[in-house]
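Given next are the chains, with one letter for each unit.
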Amino acid sequence: MADENKPAEGAEATAAPAEAAPATDAAAKQDRPNERQGRGGNRGGRGGRDGGRGRGRGRGRDQDQGEELIEKLVHINRVSKTVKGGKRFGFAALVVVGDGKGRAGFGKGKAREVPEAITKATAAAKKKMVRVPLREGRTLHHDGKGHFGAGKVTVRSAPPGTGIIAGGPMRAVFESLGVSDVVTKSNGTSNPYNMIRATFAALGDQSSPKAVSQRRGKKVADLLGRGGASEAEAQADAAAVTE
């Protein structure tokens, strides 16, 4: 009997490690998924950081696209090219864009279809927007003249209630710029491209009392008082100058 029990005890002793081995393997498998999850979590963290940067760029684009701009279609020109088999038509668009708060720009675009040409012109105008200082947010600070090619324009500041006395392309520029009182005159060619460029040349020469005072190292009231106004009026006008 003792001899029969010895092999059984040995078998049990041998079987015990075999049963423990699967438990060890199971524990190892449980540990490995945790490691994978940890690595996956790190990758997820990197993805989250990348995603954050992507959302930041998206917000920037939304802010740019969310800006309310005034778009004015000034002129569309249809051109044709004679090729073998007939004529090929194309379109050129001239667009003026502004925010109504002192910034405006113009651009032109060419395409086979009108909508595409307008889209190209609008994109070009947004890239070339310039800031023009306005007095009281409604008119120009002083008179000016612009010249481009055969186009010559004159722009003058006006009192409240005057309105935009301008025609054609020049009216589109001042409406998009946010000017409500101005008097203009165009001499020479009526080509819309030259008129627009001459108008922007005149607007580019505009300067405000604040900019002149900073350039000359003087006070705004001193500059405004030289026009014959009293000291009190000059102080009041200087306080009203915002740009």
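- The chain carries the name Small ribosomal subunit protein uS5 in an unreviewed UniProt entry, which gives Parasphingorhabdus marina DSM 22363 as its organism.
- Looking at the Sequence similarities (unreviewed entry) heading of the UniProt record, one finds this comment for the chain: "Belongs to the universal ribosomal protein uS5 family."
- You can read under Subunit (unreviewed entry) in the UniProt record for the chain the words "Part of the 30S ribosomal subunit. Contacts proteins S4 and S8."

1. Observations regarding the packing of aromatic side chains
- Under the criterion given, the structure shown has 1 aromatic pair.
- Between Phe106 and Phe200, the ring centres sit 5.2 Å apart and the planes meet at 40 degrees, which makes this aromatic pair tilted. Residue Phe106 is found in strand 3 (residues 103-111), and its partner Phe200 is found in helix 4 (residues 192-204); the two are separated by 94 residues along the sequence.
- When the ring centre of Phe106 is taken as origin, the NZ or CZ atom of Lys128, which lies over that ring, is 4.7 Å away.

2. Some thoughts on helix 2 (residues 114-127)
- The end-to-end C-alpha distance of helix 2, which contains 14 residues, comes to 20 Å, matching closely the 20 Å that a straight helix rising 1.5 Å per residue would cover.
- All of the buried residues along helix 2 are Ala117, Ala121, Thr122 and Ala125. The buried residues of helix 2 occupy an angular sector of 135 degrees when the element is viewed end-on, so they sit on one face. Looking at helix 2, the residues exposed on the side facing more than 90 degrees away from the buried face are Pro115, Thr119 and Lys127.
- Looking at the buried residues of helix 2, the elements they touch are strand 1 (70-83), strand 2 (86-98) and strand 3.

3. As for the side chain of Asp181
- Along the chain, the position of Asp181 falls in the loop between helix 3 (169-177) and strand 8 (182-188).
- Apart from residues lying up to four places away in sequence, Asp181 is in contact with Arg138, Thr139, Ala158, Pro159, Pro160, Gly161, Thr162 and Gly163.

4. Observations regarding the sheet that holds strand 8
- Pairing is mixed in the open sheet, where 4 strands are placed in the order 5-6-8-7. Looking along the sheet, the strands with just one partner apiece sit at the ends: strand 5 (144-148) and strand 7 (164-165).
- Sheet strands touched by helix 3: strand 6 (151-157), strand 7 and strand 8. Its angle to strand 8, the strand with the most contacts, is close to 150 degrees.
- Across the sheet, helix 4 is in contact with strand 5, strand 6 and strand 8; its angle to strand 5 comes to roughly 140 degrees.

What counts, and at which threshold
Residues numbered from 1 in each chain as written. Predicted model: local features only at pLDDT ≥ 70, side-chain atom pairs only at ≥ 80, totals over all residues. Heavy atoms only, no water. UniProt positions renumbered as here; feature names shortened; annotations may be inferred. Phe/Tyr/Trp six-rings, centres within 6.5 Å; stacked < 30°, edge-to-face > 60°. Helix = DSSP H or I, 4+ residues; strand = E, 2+ residues; numbered from the N terminus. Lys NZ or Arg CZ within 6 Å of the ring centre and 35° of its normal. Expected span 1.5 Å × (residues − 1). Buried < 20%, exposed > 50% of the residue type's maximum accessible area, 1.4 Å probe, protein only. Arc of directions from axis to C-beta. Contact = heavy atoms within 4.5 Å. Pairing = 2+ DSSP bridges. Axes fitted to C-alpha atoms, helices over the stretch in contact; angles between N-to-C directions.

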